[in-house]
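# Residue-level structure breakdown
Residues per chain are reported as follows:
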Amino acid sequence: MKNFGKRFGVMSSLGVTMGHFFDTYIVDLVKGRKRYWTPEGIEARRQADTEGIFTIQYPEEQLPVPEEFRVLPFLVYDEGENGEKNLRCTACGICAKVCPPQCIWIYRATDPVTGKPSPHPAEFHIDMDICMNCGFCAEYCPFDAIKMDHDFELASYTRGESHLYGLDKLMKPVSYYESIRPVNASREAAARAEKARPKA
Amino acid sequence: MTEATLVNPLETLVEHFPSGWVKKDDRPGYSGFIVEREHLLDFARAMRDDFGFDYLSMVTASDYLAEGIFDVVYYAYKTIGGPALVFKVQVPREDAVVPSLVALYPGADFQERELWDLMGIRFEGHPDLRRILMWEGFEGHPLRKDWKEPFYEEDVKPFKSRWPEGKPIHADDRNPFNDNVQYPTGFDPERWVPEAETLLYSGLQQTAHYEEFKTDELIVNMGPQHPSTHGVFRMVVSLQGEKIVDLKPVMGYLHRNHEKIGERNTFLQNMPFTDRLDYTTSMSNNFAYALAVEKLMGLQVPERAEYIRVIMAELTRIMNHFFATGFLLNDLGVYFTASLYAIEERELILDIFEEVSGSRMMCNYFRFGGVVRDVSDEVLKKIHNLIYDRIPRKLDQFDAYLTNNEILRTRCEGVGVLTADQAIALSTAGPILRASGVPYDVRRADPYSIYDRLDFDVVTGIHGDIYDRYLVRVGEIKESIKIIKQLLRDIPGGPILAGKPAYQVRVPAGESYGRVEGPKGELGFYIVSSGKPNPERYHVRAPTFINLTSLAPMSRGEKVADVVVILGAIDIVLGEVDR
Ligand code: SF4
Ligand code: SF4
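Residues numbered from 1 in each chain as written. Chains lettered and ligands numbered in written order. Predicted model: local features only at pLDDT ≥ 70, side-chain atom pairs only at ≥ 80, totals over all residues. Heavy atoms only, no water.

Along the backbone of chain A there are eight helices and seven strands. Whereas a compact globule of 200 residues would reach a radius of gyration of roughly 16 Å, chain A reaches 25 Å, over 25% beyond that. Seen through its C-alpha atoms, chain A measures out along the principal axes to roughly 90 × 40 × 30 Å. By the burial criterion, 45% of the 200 residues in chain A qualify as buried. In chain A, once contacts between residues fewer than 6 apart in sequence are set aside, the share between residues at least 24 apart is 61%. Accessible area for chain A stands at about 11,600 Å²; split by element, carbon and sulfur atoms hold 60% of it. (Helix = DSSP H or I, 4+ residues; strand = E, 2+ residues; numbered from the N terminus. Rg over C-alpha atoms; globule rule 2.2 N^0.38 Å. Buried < 20%, exposed > 50% of the residue type's maximum accessible area, 1.4 Å probe, protein only. Contact = heavy atoms within 4.5 Å. Areas by Shrake-Rupley, 256 points an atom, 1.4 Å probe, with all protein chains shown as cover.)

Structure representation (structure tokens):
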């Protein structure tokens, strides 16, 4: 076989291509219709033993993203009892300092009574045109207040102002965070509970 | 090498030269030797010929504004392995002229041009000292410390305006042209004559007329927009018929002054920026940068983190070599079949990167002293499946598909030949160097991380042609598989980061150079710290940029269609070439 290959290199190459071609049919026949358009099918097609057609037909089919997947940051808020939105952010400014392209602007709120800075952001802006999706803000925020989103379908008709996200676009409930990053969320919740315990 | 130098190690090097020529660099945190400018050529010649430092890996410079000097820094190695010889020339900023080393080490060509372009250091005797990355009409030398870019805000990050009074501004709004260009005063695009272009064309070698065909010499611009150039890259070729007489690469279309950005950033902030150099191999880029900073900080990386790092670096190598081989076939005109087969394997590896780092290509996974998060057993299982089952199988298929294919062999064998001597002289690195028969691999020659404990072979070629480069890449995939198998077997438990995660790291003053054997060659980061939160100097030794020095010597005398393949076999990524 080896010698055969040496003398008929092109033939053996074509053999490989043909093999690939026939595989696409054989695998489809063996695995059946479930191979396409179903989550199991998509999962099966990205395993190490997959053969045949490899392509995922985006947007009809979508690859599931892993938990750590990061696109744009968002601010997490806890839902209060009366539906109020309690941002976790304390306007400490660490994320703004660590952000490599410097695309976070935080305006710290002042307490209306005392006039002293209060631990809330009055304004919070992220320029999504500049954000490089590095995840540092989420990594170094000491209050689990800023997290990376999974939503990657971000095309829009305009740029500039519309990509300068303010609080309205940045705030998302903690339930959403728990839904996209369940493992991280529960680990962080446990760590916070642990921290709070000795004091109580 | 004479016997005298074998018994005279570097410690006594100063005594070899008349007094006053060379002295030790004894600033704290610095190493190497300071050579007098007048004696640089003699010194370098002695180093090359008598001491065996035949491989000038990196030339760079740093600007010490306060002292009013430029340090021009040279890193030379022996191709038989061992530590670096670092030598420097100090010149005053007002009189920044240094003798060029191109005659001794042709590989310094592009690097000296880069220094002229970005630092404004003139290299006397350089055959072709033109700007290389910036555009021809550009004024000033942007890496000088007193140069300020159009959107200049502050010298260093974090910028003060961000917090606590953050009011966002669009950088675009502050520039009258609404894009990031600064024009020289009095610049009129209508009347501007790109003189450098004329210089470029007239710099091409000429030949005597071909008698047989009576052809004219023709100058052709391939690129910047050309599907074969792997990005925005231009080759100016002068042709006699189909034959290439001379070639000059023109680059810089993707230049964003990575190094200036790096000097504004804090040490940590540079990590995600390194991803954007060679955007296909971000894990290796992270690795080299982390090494350089860790060297300065004196950090010890935990065992498990070392294993994870090397696994990721080797997966990157596998992925890159698959990709490069697939696209080599593209350049040969096979259209997309081979590269799509290769991309399948790449996708599966990217899935793993995505799972551990959160991003397929912009991994940003390494931190000083470790990695950002642990690798779960599930992921290790996935890597296991790939390494033990899929990749060897697919590699065999690739082998059957390509290695003995007559068309591939005819197109690649004996094309783009680089002899071992040339490859060393031109400072090429990685598969190019090894395909020419030089067994130089940083993992072996100057081991970092845990490579000294791993069992693998350095793959070399014999002929130094494109076919051997292909074989070296395939061979290296096999070696990487071997390495990852050992790592998966032995990976210990334990922490993955030395100390606590910190966004402000203290980096003691000094210089350091961290280098790894990246998939494309020796990738190094030269860093000078002054003890502040931001690097004083941040330089990237980009392997593909320096490998491009060999493009012209490889292409002369070849057919024009082969140039595309020769370029493809260098495996360039413009993000790294242009920085
Ligand atoms: S680091 Fe966290 S808490 Fe501090 S300002 Fe940023 S989001 Fe708010
Ligand atoms: S992801 Fe990175 S670039 Fe984007 S806002 Fe966060 S720190 Fe800044």
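Resuming the write-up.
We now examine the nonpolar core. The tendency in soluble globular proteins is for nonpolar side chains to be buried side by side. Counting 180 residues, the largest nonpolar core has Val72(B), Tyr74(B), Leu315(B), Tyr365(B), Ile383(B), Phe525(B) and Leu548(B) as the members making the most contacts within it. Looking at this core, the element that brings in the most residues is helix H8 (residues 303-334) of chain B, giving 13 residues. Counting 27 residues, the second-largest nonpolar core is a separate cluster that includes Phe69(A), Ala96(A), Ile106(A) and Leu170(A). (Core = buried A, V, L, I, M, F, W, Y, C linked by side-chain atoms within 4.5 Å.)

Next up on the list: the sheet that holds strand S1 (residues 22-24) of chain B. Residue and element names in this part refer to chain B. Taken in spatial order, the five strands line up as S1-S2-S5-S4-S3 in an open sheet, and their pairing is mixed. This sheet does not close on itself; its edge strands, each paired only once, are S1 and strand S3 (55-64). The mean angle between the axes of side-by-side strands here comes to 25°, regardless of whether they run parallel or antiparallel. As judged from the three bridges shared by S1 and strand S2 (residues 33-35), these two strands associate in the antiparallel manner. Within the sheet, the bridge partner assigned to valine 22 lies in S2 and is valine 35. Contacts from helix H2 (residues 40-49) reach S1, S2, strand S4 (69-77) and strand S5 (85-92) within the one sheet, and its direction differs from that of S5 by about 175°. Running at roughly 10° to S3, helix H3 (residues 109-119) makes contact with S3 and S4 of the sheet. (Pairing = 2+ DSSP bridges. Axes fitted to C-alpha atoms, helices over the stretch in contact; angles between N-to-C directions.)

Surveying the vicinity of ligand 1 reveals 13 residues, the closest of which are Cys89(A), Cys92(A), Gly93(A), Cys95(A) and Cys141(A). Class assignment of the residues belonging to the shell around ligand 1 gives a composition of eleven nonpolar, two polar and no charged. (Near = heavy atom within 4 Å. Nonpolar A, V, L, I, M, F, W, Y, C, P; charged D, E, K, R; others polar.)

This part is about the domain arrangement of chain A. Per the domain assignment, the segments making up chain A are domain 1 (2-46) and domain 2 (73-196). A straight line from the C-alpha centre of domain 1 of chain A to that of domain 2 of chain A covers 46 Å. (Domains from an automatic or database assignment.)

For ligand 2, the set of nearby residues contains 14 residues, the closest of which are Cys99(A), Cys131(A), Cys134(A), Gly135(A) and Cys137(A). Of the residues assigned to the shell around ligand 2, the class counts are twelve nonpolar, two polar and no charged.

Residue and element names in this part refer to chain B. Relative orientation of the contacting elements H8 and helix H9 (residues 337-357) amounts to 155°, with a least axis distance of 8 Å. The orientation of H8 with respect to H9, classified from their angle, is roughly antiparallel. Seen from above, H8 lies across H9 with left-handed handedness. In this structure, H8 uses Met312, Leu315, Thr316, Ile318, Met319, Phe322, Phe323, Gly326, Phe327, Leu329, Asn330 and Val334 to contact H9, whose residues at the interface are Thr337, Ala338, Ser339, Ala342, Ile343, Glu345, Arg346, Ile349, Leu350, Ile352, Phe353 and Val356. Residue composition of the contact of H8 with H9, grouped by class: 17 nonpolar, five polar and two charged. (Parallel < 35°, antiparallel > 145°, perpendicular 65-115°, else oblique. Left-handed = near helix turned anticlockwise from the far one by under 90°.)

A separate point is the domain arrangement of chain B. Residue and element names in this part refer to chain B. For chain B, the domain assignment lists domain 1 (3-124), domain 2 (196-250) and domain 3 (258-577). For domain 1 and domain 3, the distance between their C-alpha centres works out to 27 Å. Counting from both sides, the interface comprises 31 residues of domain 1 and, opposite them, 28 residues of domain 3. Roughly 2,400 Å² of surface becomes buried between domain 1 and domain 3 when both sides are summed, with 58% attributable to carbon and sulfur atoms. Linking domain 1 with domain 3 are one salt bridge, by the criterion used here. Note that glutamate 511 is salt-bridged to lysine 88, the shortest N-O span being 2.7 Å. Taken together, the connections running from domain 1 to domain 3 amount to 13 residue pairs in polar contact (both at pLDDT 80 or more). Residue assignment for the side of domain 1 that touches domain 3 shows that the elements contributing at least two residues are S3, S4 and H3. The element best represented in the side of domain 1 that touches domain 3 is S3, accounting for ten residues. (Buried area = accessible area lost by both parts, 1.4 Å probe. Salt bridge = Lys/Arg side-chain N within 4 Å of Asp/Glu carboxyl O. Polar contact = N/O pair within 3.5 Å; in protein donor to acceptor, adjacent residues only side chain to side chain.)

What follows deals with a nonpolar patch on the surface. Residues and elements named next belong to chain A. On the surface, Met18, Phe21, Phe22, Tyr25, Ile26, Leu29 and Val30 cluster together into a nonpolar patch covering about 790 Å² of accessible area. Within the element layout of this structure, leucine 29 appears in helix H2 (residues 9-31). Take leucine 29: its relative accessible area is 72%, and that puts it in the exposed class. (Patch = residues over 30% accessible without salt bridge, like charges linked within 9 Å, V, L, I, M, F, W, Y side chains within 5 Å.)

Let us look at the confidence of the model for chain A. Averaged over chain A, the pLDDT score is 84; the fraction of residues at 70 or greater is 96%. Predicted confidence is poor over residues 1-5 of chain A, with pLDDT under 50, and the contacts of this stretch with residues over four places away or in other chains come to one contact. (pLDDT = per-residue confidence, 0-100.)

This next bit is on the packing of aromatic side chains. Summed over the entire model, instances satisfying the criterion amount to 28 aromatic pairs over all chains. Aromatic side chains Phe74(A) and Tyr176(A) sit 5.6 Å apart centroid to centroid with 65° between the ring planes, which places their arrangement in the edge-to-face category. Taken as a pair, Phe74(A) in strand S1 (residues 73-79) and Tyr176(A) in helix H7 (residues 174-180) lie far apart in primary sequence, 102 residues in all. Since its relative accessible area comes to 26%, Tyr176(A) is described here as partly exposed. Look at Tyr467(B) and Tyr470(B): their rings are 5.9 Å apart centre to centre, the planes differ by 35°, and that puts the pair in the tilted class. A residue pair is termed a helical-turn pair when its members lie 3 or 4 positions apart in one helix, as Tyr467(B) and Tyr470(B) do in helix H15 (residues 466-490) at three residues. Assessed through its relative accessible area of 2%, Tyr470(B) is described here as buried. Note that Arg346(B) overlies the ring of Phe323(B), its terminal NZ or CZ placed 4.2 Å from the centroid. Looking at Arg444(B), its charged tip hangs above the ring of Phe456(B), at a distance of 4.3 Å from the centre. (Phe/Tyr/Trp six-rings, centres within 6.5 Å; stacked < 30°, edge-to-face > 60°. Lys NZ or Arg CZ within 6 Å of the ring centre and 35° of its normal.)

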